[in-house]
Amino acid sequence: MPTISLEAAKSGPSCQPECTTYDYLIVGAGFAGSVIAERLAEGLGRRVLLIDRRPHIAGNAYDHFDAAGVLVHRYGPHIFHTNAQRIVDYLSRFTEWRPYEHRVLAQVDDKLVPIPINLTTLNTLYGLSMSPEEAEVFLAERAEPVATIRTSEDVVINQIGRELYEKFFRGYTRKQWGLDPSALDKSVTSRIPTRTSEDDRYFGDTFQIMPRDGYTQMFERMLDHPNIDVLLGTDFKAVRDEVKYEHLIYCGPIDEYFDFQLGRLPYRSLRFEHQTLEQEHYQPVAVVNYPHPDVPYTRITEYKHLTGQTHPCTSITYEFPCDDGDPYYPVPRAENAELYKRYRALAEQTPNVTFLGRLGTYKYYNMDQVVGQALALYRDIQAANAEVAAETEIDAS
Ligand code: FAD
Ligand code: UDP
């Protein structure tokens, strides 16, 4: 992974000193940009310049050893989960894996109980000893059927009723998004199932694994290719007229690319407070959620549970949601989808630019979905190339 300076990028690909033009400029070294960079370089032999305005690769999945030597995620806990074998196969070219099933507890009514709500949650909270069948009845009696489920409030009320909704979802969601669940698309709280079994895993996916040596190492291996030049700490604006390239793949916020000409797409941000404690462990699981509105943060993460690291100290992160700061979450609601559609139409009229990733396509995607999106783009580019090659062959014969 040759890391180069802006001066060097101006004179063209380091793998081919006689050539001054990159085939691709890729903005954003997160999953979207790094996967497409690797594929274009390795699969099609393209010369790629990958840039990021942050001083590191891996985007929001960036992890590093903190001052005490504990492996932490700078932008909050990232747990890999997917049902797609082909995505695991692809990433396995760059990492070994550590099996890890994520479990989360929520602090509710002075108790720590599993979230997603399961049999243990209900029995602990209400001092009962119900069977799964009895729990089904318990929830059915409380659920308030909603004829047409449109919002994130509807989803939960319809499944478990108002009391549990208020205990687990309303406060957390208001903090996380700065909006009431009734103002958010149903897709947001639909991410969280309700169970009447004792299954206390956060995800139900077939593959629940963590890169054995961390995400950043996985990205380093992915980008370790002579055709990929990496330029860090550099904004797109600083290179757009300085570097020669044929195509642009843009994984930053789509509205920013167009200078916000149709208005701003809302993104929710987070402020992270990282701490290292001189004790071996802080909490029983990797993540504890705090849905209560009086607690200013949403959750606390203790990384050693995720990474399996042994260390006499432990590092934790508090998450405080906010509006200003790096854009982390596209906000799923109808009016934002409408505005995105208008930006999408502008994008379609812009030649030689492709938008990709969570910010480029304004989608609340998990990591595996972003990898899938980048691999799909690669297949399209590959197919278009094969078509051009076939046409050239016909013309020549
Ligand atoms: P990003 O990782 O955001 O990368 C985009 C990059 O583009 C950034 O590094 C940015 O600096 C750069 N950039 C933007 N604009 C410019 C510009 N103008 N010039 C130069 N560079 C620019 N997913 C999961 O699957 N499991 C999880 O447990 C999970 N937890 C998460 C927890 C948090 C707190 C957050 C915020 C997200 C979580 N995600 C999780 C989602 C995951 O982070 C994303 O799916 C994934 O990182 C998106 O990759 P990306 O490449 O699209 O975007
Ligand atoms: N949620 C909640 N209480 C919780 C956990 C989740 O209200 O204890 C809601 C909240 O709106 C959150 C959404 O469910 O944004 C999706 O949660 P998930 O953990 O999937 O969000 P992520 O942190 O992965 O973006």
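All of these numbers come straight from a predicted model, not from anything done at the bench.

A. Structural view of the nonpolar core. Counting 111 residues, the largest nonpolar core has Phe31 and Phe168 as the members making the most contacts within it. Among the elements that line this core, the one with the most residues is helix 6 (residues 152–177), at 9 residues. If sequence neighbours within four positions are ignored, Phe168 has contacts with Ala106, Val108, Val113, Ile115, Ile117, Thr121, Leu125 and Pro291. Formed by 11 residues, the second largest nonpolar core is a distinct cluster that contains Tyr290, Val295, Tyr297 and Tyr318.

B. Just the UniProt feature "domain: UDP-galactopyranose mutase C-terminal" (unreviewed entry) in the protein chain, in detail. Look at the UniProt record and you will see "domain: UDP-galactopyranose mutase C-terminal" (unreviewed entry) annotated at residues 167–364. Helix and strand shares over residues 167–364 are 25% and 24% respectively, and the end C-alpha atoms of the span are 24 Å apart.

C. Quick peek at the site of ligand 2. Among the 15 residues in the neighbourhood of ligand 2, the closest are listed as Thr173, Trp177, Arg191, Tyr202 and Tyr364. Within the contact set of ligand 2, an oxygen atom lies 3.3 Å away from a backbone nitrogen or oxygen of Phe169. Between Arg299 and ligand 2, the recorded distance is 3.5 Å, taken from a side-chain N or O atom to an oxygen atom. A total of 530 Å² of accessible area belongs to ligand 2 in isolation, and the protein chains cover 92% of it.

D. Representation of the site of ligand 1 in the model. Surveying the vicinity of ligand 1 reveals 33 residues, the closest of which are Asp52, His78, Ile79, Tyr365 and Met367. Contact distances for ligand 1 include 2.9 Å between an oxygen atom and a backbone N or O atom of Arg358. Protein contacts shield 96% of the accessible area of ligand 1, which totals 1,000 Å² for the unbound molecule. Looking at the shell around ligand 1, the elements with two or more residues in it are helix 2 (31–44), helix 12 (357–360) and helix 13 (367–396).

E. Quick peek at helix 2. Relative to the 20 Å expected for 14 residues at 1.5 Å per residue, helix 2 spans 19 Å between its end C-alpha atoms, a close match to the ideal helical length. Counting buried positions along helix 2 yields 11 of 14 residues, so the element is predominantly enclosed. Looking only at helix 2, the buried set comprises Phe31, Ala32, Gly33, Ser34, Val35, Ile36, Ala37, Glu38, Arg39, Leu40 and Ala41. Among the residues trailing helix 2, Gly45 stands out with phi positive, at a value near 65°.

F. Representation of the pairing of strand 8 (residues 111–115) in the model. The pairing of strand 7 (residues 104–108) with strand 8 spans 5 bridges and is classified as antiparallel. Bridging from a neighbouring strand, Gln107 pairs with Leu112 of strand 8. Adjacent in sequence and paired antiparallel, strand 7 and strand 8 are bridged by 2 residues, among which Asp109 carries a positive phi angle near 50°.

G. Spatial organisation of the packing of aromatic side chains. Following the criterion strictly, the structure yields 26 aromatic pairs and no others. Pairing Tyr329 with Tyr364 gives two aromatic rings, centres 5.9 Å apart and planes at 70°, and the pair type is edge-to-face. Pair noted here: Tyr329 is in strand 16 (residues 329–330) and Tyr364 is in the loop between helix 12 and helix 13, with a separation of 35 residues, a long-range link. Grouped by ring-pair contacts, the aromatic residues Phe236, Tyr250, Tyr257, Phe258, Tyr343 and Phe355 constitute a single cluster. The side chain of Arg142 reaches across the aromatic face of Phe138, ending 3.6 Å from its centre. Above the ring of Phe260, the side-chain terminus of Arg264 is found at 3.8 Å from the ring centroid.

H. Local environment of the sheet that holds strand 13 (residues 287–289). The strand order 8-7-13-14-15-12-16 describes an open sheet built from 7 strands, whose pairing is mixed. The open sheet is flanked by strand 8 and strand 16, the only strands paired with a single partner. Pairing analysis gives 2 bridges linking strand 12 (residues 267–277) to strand 16, with the strands arranged antiparallel. Each residue of the ladder has a partner; that of Arg268, found in strand 16, is Tyr329. The sheet contacts of helix 4 (residues 119–126) involve strand 7 and strand 8, and relative to strand 8 the element is tilted by about 155°. Sheet strands in contact with helix 6 are strand 7, strand 8, strand 12, strand 13, strand 14 (299–302), strand 15 (314–322) and strand 16, and its direction is about 100° off that of strand 12.

I. Seen up close, the sheet that holds strand 2 (residues 48–51). Spatial ordering of the open sheet is given by 10-2-1-11-17, a layout of 5 strands whose pairing is parallel. Two strands close off the open sheet at either side, each with one partner strand: strand 10 (228–231) and strand 17 (353–355). For this sheet, the mean inter-axis angle between neighbouring strands, taken without regard to orientation, is 25°.

J. Representation of the pairing of strand 14. What you see with strand 14 is no split at all: Arg299 and Thr301 on one side and Ile300 and Glu302 on the other are buried throughout. Where strand 13 meets strand 14, 3 bridges bridge the pair, whose relative direction is antiparallel. The residue bridging Asn289 from the neighbouring strand is Arg299, located in strand 14. In terms of strand pairing, strand 14 meets strand 15 through 4 bridges, oriented antiparallel. Of the residues in strand 15, the one forming a bridge with Ile300 is Tyr318.

K. Expanded view of the side chain of Asp63. Relative to the assigned elements, Asp63 resides in strand 3 (residues 63–65). For the buried residue Asp63, which engages in no salt bridge, the nearest side chain bearing the opposite charge is Arg74, 9.9 Å off. Among the polar contacts listed, one links the side chain of Asp63 to the backbone nitrogen of Tyr215, at a separation of 2.7 Å. Aside from chain neighbours lying at most four places away, what touches Asp63 is Leu71, Val72, His73, Gly214, Tyr215 and Thr216.

Rules of the game
Going along each chain's sequence as written, the residues are numbered from 1 onward. Labels follow written order: the first chain is A, the first ligand is 1, and so on. Restriction of local features to residues with pLDDT of at least 70 applies here, the model being predicted, together with a cutoff of 80 or more for giving and counting side-chain atom pairs; totals for whole chains, interfaces and linings are based on all residues. The side-chain numbers reported here are obtained from all heavy atoms of the structure, hydrogens and water having been left aside. By nonpolar core we mean a set of buried residues, namely Ala, Val, Leu, Ile, Met, Phe, Trp, Tyr and Cys, connected to one another through side-chain atoms within 4.5 Å. Under the scheme applied here, a residue whose accessible area is under 20% of the maximum for its type counts as buried, over 50% as exposed, and between as partly exposed, the area being computed with a 1.4 Å probe on protein chains only. Helix numbers and strand numbers start at the N terminus; a helix is a DSSP run of H or I with at least 4 residues, a strand a run of E with at least 2. Contact criterion: two residues are considered in contact whenever any of their non-hydrogen atoms come within 4.5 Å of each other. UniProt positions are given in the numbering used here, feature names are shortened, and annotations may be inferred rather than shown by experiment. Residue proximity to a molecule or strand is established when one non-hydrogen atom of the residue lies within 4 Å of it. Pairs of N or O atoms are called polar contacts if they sit within 3.5 Å, as long as, within protein, a hydrogen donor faces a hydrogen acceptor (for residues adjacent in sequence, only side-chain-to-side-chain pairs). Computed by Shrake-Rupley with a 1.4 Å probe, the accessible areas treat only the displayed protein chains as cover when residues are assessed. Take the residue count of a helix, subtract one, and multiply by 1.5 Å to get its expected span. The pairing criterion for strands is at least two bridges between them, as found by DSSP. Think of it this way: a Phe, Tyr or Trp ring, Trp meaning its six-membered ring, pairs with another when their centres are within 6.5 Å, and the plane angle makes it stacked under 30 degrees, edge-to-face over 60, tilted otherwise. A ring has a charge above it when a Lys NZ or an Arg CZ is no more than 6 Å from the ring centre and no more than 35 degrees off the ring normal. All axes are obtained by fitting lines to C-alpha atoms, using only the stretch in contact for helices, and the reported angles, taken between N-to-C directions, cover 0 to 180 degrees. When charges are counted, neither His nor the chain ends are considered; positive counts come from Lys and Arg and negative counts from Asp and Glu. When a carboxyl oxygen of Asp or Glu lies within 4 Å of a side-chain nitrogen of Lys or Arg, that pair is called a salt bridge.

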